Amino acid sequence: MNDHQARGELRISPEAFPQWAADRLAAHERALAALHGKTRAMESALGLVIGFHPNAELLRSKWQAASSDLVDVAIDSELFEAPAFREAFQSTMAFVSQVLDAAAERQRGD
């Protein structure tokens, strides 16, 4: 690593730039695909945990109590400034709340 790289600067020739950019794009695409796969697996696991929890009402109340703190932490994150992150975070929080509500209603027999 040279001094420029250590400071976060990148010096690359115009000839090498297209390959460097293609490599970086491919790396980001792989990382995004991996994160998407992990997210889908976690969504499935969470659905099962919620669906088979013996006290969905308690689980829902714990979620409601913790969700405002989770939102506060997310808002303080630099990522929250990115519209894609913010929208995904908000829709996922709403999704979890809906799943918990449905599980609690199902257990009550509503």
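Everything that follows concerns the structure shown earlier in this document.
Rules used in this analysis
Residues numbered from 1 in each chain as written. Predicted model: local features only at pLDDT ≥ 70, side-chain atom pairs only at ≥ 80, totals over all residues. Heavy atoms only, no water. 1 Å grid on protein atoms, 1.4 Å probe; cavity = no way out; pocket = protein on both sides within 12 Å on 5 of 7 lines; lining within 4 Å. Points joined across faces, edges and corners; volume = space filled by probe spheres on them. Helix = DSSP H or I, 4+ residues; strand = E, 2+ residues; numbered from the N terminus. Nonpolar A, V, L, I, M, F, W, Y, C, P; charged D, E, K, R; others polar. Phe/Tyr/Trp six-rings, centres within 6.5 Å; stacked < 30°, edge-to-face > 60°. Lys NZ or Arg CZ within 6 Å of the ring centre and 35° of its normal. Axes fitted to C-alpha atoms, helices over the stretch in contact; angles between N-to-C directions. Parallel < 35°, antiparallel > 145°, perpendicular 65-115°, else oblique. Left-handed = near helix turned anticlockwise from the far one by under 90°. Contact = heavy atoms within 4.5 Å. Core = buried A, V, L, I, M, F, W, Y, C linked by side-chain atoms within 4.5 Å. Buried < 20%, exposed > 50% of the residue type's maximum accessible area, 1.4 Å probe, protein only.

**Q** Quick question: what am I supposed to make of the layout of surface pockets here?
**A** One way to see where empty space is left: roll a probe the size of a water molecule over the atoms. Its volume calculated, the largest pocket comes out at about 250 Å³. Taken together, 13 residues line the largest pocket, and the ones lying closest to its centre are L35, T39, R40, E43 and T92. Breaking the lining of the largest pocket down by element, the ones donating at least two residues are α2 (17–52) and α4 (83–108). The leading source of residues in the lining of the largest pocket is α2, at nine residues. Taken together, the residues that form the lining of the largest pocket break down as eight nonpolar, three polar and two charged. Put simply, the second largest pocket is a space of about 220 Å³.

**Q** Just to check I follow, could you spell out the packing of aromatic side chains for this structure?
**A** Between two aromatic rings, the relevant description is the distance of the centres plus the angle of the planes. Under the criterion given, the structure shown has four aromatic pairs. Taking 6.4 Å as the distance between ring centres and 75° as the angle between the ring planes, the aromatic pair formed by F80 and F85 counts as edge-to-face. Among the aromatic residues, those joined into a cluster by ring pairs are F80, F85 and F89. Its guanidinium or amino end placed over the ring of F80, R86 lies 5.9 Å from that ring's centre, counting from NZ or CZ.

**Q** For this particular structure, what's the right way to read the packing of α2 against α4?
**A** The relative placement of two packed helices comes down to the angle between their axes together with the axis-to-axis distance. Contact geometry of α2 with α4 gives a least axis separation of 9 Å together with a crossing angle of 25°. It follows that α2 is roughly parallel to α4 by the angle criterion. Seen along the crossing, α2 lies across α4 with a hand that is right-handed. Contacts from L46, I50 and G51 of α2 reach α4 at V96, V99, L100, A103 and R106. The residue inventory of the contact of α2 with α4, partitioned by class, reads six nonpolar, one polar and one charged.

**Q** What is the right way to read the nonpolar core from this model?
**A** The nonpolar side chains of soluble globular proteins are, as a tendency, buried together. If you look at the biggest cluster of nonpolar residues, it comprises eleven residues: I50, A56, W63, A74, F80, F89, M93, V96, L100, A103 and A104. Mapped by element, the contributors of at least two residues to this core are α3 (56–76) and α4. Among the elements that line this core, the one with the most residues is α4, at six residues. Apart from the residues lying within four places of it in its own chain, the contact partners of F80 are A74, I75, F85, R86, F89 and Q90.

**Q** Could you clarify how one ought to interpret the packing of α3 against α4 in this entry?
**A** Relative orientation of the contacting elements α3 and α4 amounts to 170°, with a least axis distance of 9 Å. On the basis of their axis angle, the class for α3 and α4 is roughly antiparallel. Note on element contacts: α4 touches α3 through F89, M93, V96, S97, L100, D101, A103, A104, Q107 and R108, opposite A56, E57, L59, R60, W63, Q64, S67, L70, V71 and A74. Of the residues contributing to the contact of α3 with α4, the split by class is twelve nonpolar, four polar and four charged.

**Q** Looking at this structure, I do not really get the environment of S97. What am I missing?
**A** Tracing the chain through its elements places S97 in helix α4. Looking at S97, the relative accessible area reads 25%, which means it is partly exposed. On a C-alpha basis, the gap between S97 and S68 in space is 12 Å, while along the polypeptide they are 29 residues apart.

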